[in-house]
Amino acid sequence: MSKLFSRKLIAIAFLLSLATAVLHLSQQFMSWRHMDERFPIMVSDSISMRVSEGEPMYEQKMMVPAPETMPWYPEDEALDVDQRLYSTSSYSQLVVRDVSDYTERVRAAILAQDGRVLSQSIEKYGRYKVGSISARVPSESVSLVLSAIKEDVVTVVSESTSIQDETGQYVSVTEKIAALQDEVAIIQVDLADSENDLTLSERKRLELQLQRLQTQIKNLENSKDSVEENVQYARVDVSVSDGARYFDPTARPTGWELLEMGWGVLQTLGYFVWHTLLLTALYMLIWLPITLVMSLAFGAIKSK
């Protein structure tokens, strides 16, 4: 038996098993990396309410698409109007100590000002815990909400507040609605006064024109309502994390983050070594009989 399983034979089987184990683990790591790139880690440990999955929460906008039949009309800033209409939007990237407590506190501050929370989420990305809130708050209360957002913040990574003049769009849409309503009234009068004089094709043409005008008016009214809502309610979006490197990978890591990265490297190395040894032992059960058979076959051929 000892002659069959010589040191040389065992060494060859061990090297083949070790190479197979390393190849196995390498393919596994590549597969995990590919899956991480396609499906980023998102483990929700609290509220997760999304308005839309197709775009980031801070980029969602309430807009009504204009139909193809709606005629184009030139942009007018309505500079002759003294009472201006403004919409406000704010976006912040912040580093906080406790993401869960912070998001709940901001949520409470928004609701206290009669605001509307559109979405709120707390998730885990690698070692970072991140949260986000997207909300609408009454325009007259936006300064109070922004002050509450800045409380208990460790670092402000970025923040922006923009004010958009909506007067021109509002006036233009209003005037266009009035013009279309006049056209609708004229057609309705023509249909009523000429009920017996119109041919069937002429009546169908006027009814179709009337239907198209009413569709345009409905879409313009939706656009007008959207502008009014943007003016009445300011948009507030907040993204928070417990580490600045989540937002900016080039940021200098803290001492604790360096310790965590070092520990992570040691864990990965330990995982690789342990599983390499375990797989090598398992593959020995396969390669040892194979090398034995090959050795016996080679010896038989050589003896002939």
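Look up: the structure comes first, before these words.
First, a word on what this report is: a plain description of the structure on this page.

With that out of the way, let us pick up the overall build of the protein. Broken down by element type, the protein carries six helices and six strands. Each helix (α) and strand (β) of the protein, taken in turn from the N terminus, gives the series α-β-β-α-β-β-α-β-α-α-β-α. The burial tally for the protein puts 31% of its 304 residues in the buried class. When contacts within the protein are restricted to residue pairs at least 6 apart in sequence, those whose partners lie at least 24 apart make up 82%. Of the roughly 20,100 Å² of accessible surface on the protein, a fraction of 59% belongs to carbon and sulfur atoms.

This brings us to the side chain of Thr280. Mapping Thr280 onto the fold places it in helix α6 (residues 255–303). At 2.6 Å, the side chain of Thr280 forms a polar contact with the backbone oxygen of Thr276. In contact with Thr280, not counting residues within four places along its chain, are Phe14, Ser17, Leu18 and Ala21.

The backbone of Asp114 sits at a positive phi, close to 60 degrees, despite the residue not being glycine. Among the secondary structure elements, Asp114 is positioned in the loop between α2 (99–112) and β3 (116–125). Assessed through its relative accessible area of 53%, Asp114 is described here as exposed. Even without glycine at this site, Asp152 takes up a positive phi of about 60 degrees.

Right, let's talk about the pattern of salt bridges for a bit. Here the structure, examined in full by the defined rule, presents five salt bridges. Here Arg235 and Asp237 are joined by a salt bridge, their closest N and O atoms 3.5 Å apart. Take Arg235 and Asp237: they sit in the same class, and that class is buried. The structure contains a network of salt bridges with shared partners spanning Arg105, Glu151 and Asp152.

So, on to a negative patch on the surface. A cluster of like negative charges, contributed by Glu221, Asp225, Glu228 and Glu229, occupies part of the molecular surface. One can find Glu221 in helix α5 (residues 200–232). Using a relative accessible area of 35% as the deciding quantity, one classes Glu221 as partly exposed.

Within the secondary structure layout, Val236 lies in strand β6 (residues 233–241). Setting aside chain neighbours within four positions, we find Val236 in contact with Ser90, Ile133, Ser134, Ala135, Val137, Val142 and Ile149.

All right, on to helix α3 (residues 142–149) then. A turn of α-helix holds 3.6 residues, and therefore any two residues three or four places apart point the same way. Burial in α3 covers these residues: Val142, Val145, Leu146, Ala148 and Ile149. Taken down its axis, α3 places every buried residue within 160 degrees of arc, on the same side.

Criteria and thresholds
- Residues numbered from 1 in each chain as written.
- Predicted model: local features only at pLDDT ≥ 70, side-chain atom pairs only at ≥ 80, totals over all residues.
- Heavy atoms only, no water.
- Helix = DSSP H or I, 4+ residues; strand = E, 2+ residues; numbered from the N terminus.
- Buried < 20%, exposed > 50% of the residue type's maximum accessible area, 1.4 Å probe, protein only.
- Contact = heavy atoms within 4.5 Å.
- Areas by Shrake-Rupley, 256 points an atom, 1.4 Å probe, with all protein chains shown as cover.
- Polar contact = N/O pair within 3.5 Å; in protein donor to acceptor, adjacent residues only side chain to side chain.
- Salt bridge = Lys/Arg side-chain N within 4 Å of Asp/Glu carboxyl O.
- Patch = residues over 30% accessible without salt bridge, like charges linked within 9 Å, V, L, I, M, F, W, Y side chains within 5 Å.
- Lys, Arg positive; Asp, Glu negative; His and termini not counted.
- Charge placed at Lys NZ, Arg CZ, Asp CG, Glu CD.
- Arc of directions from axis to C-beta.

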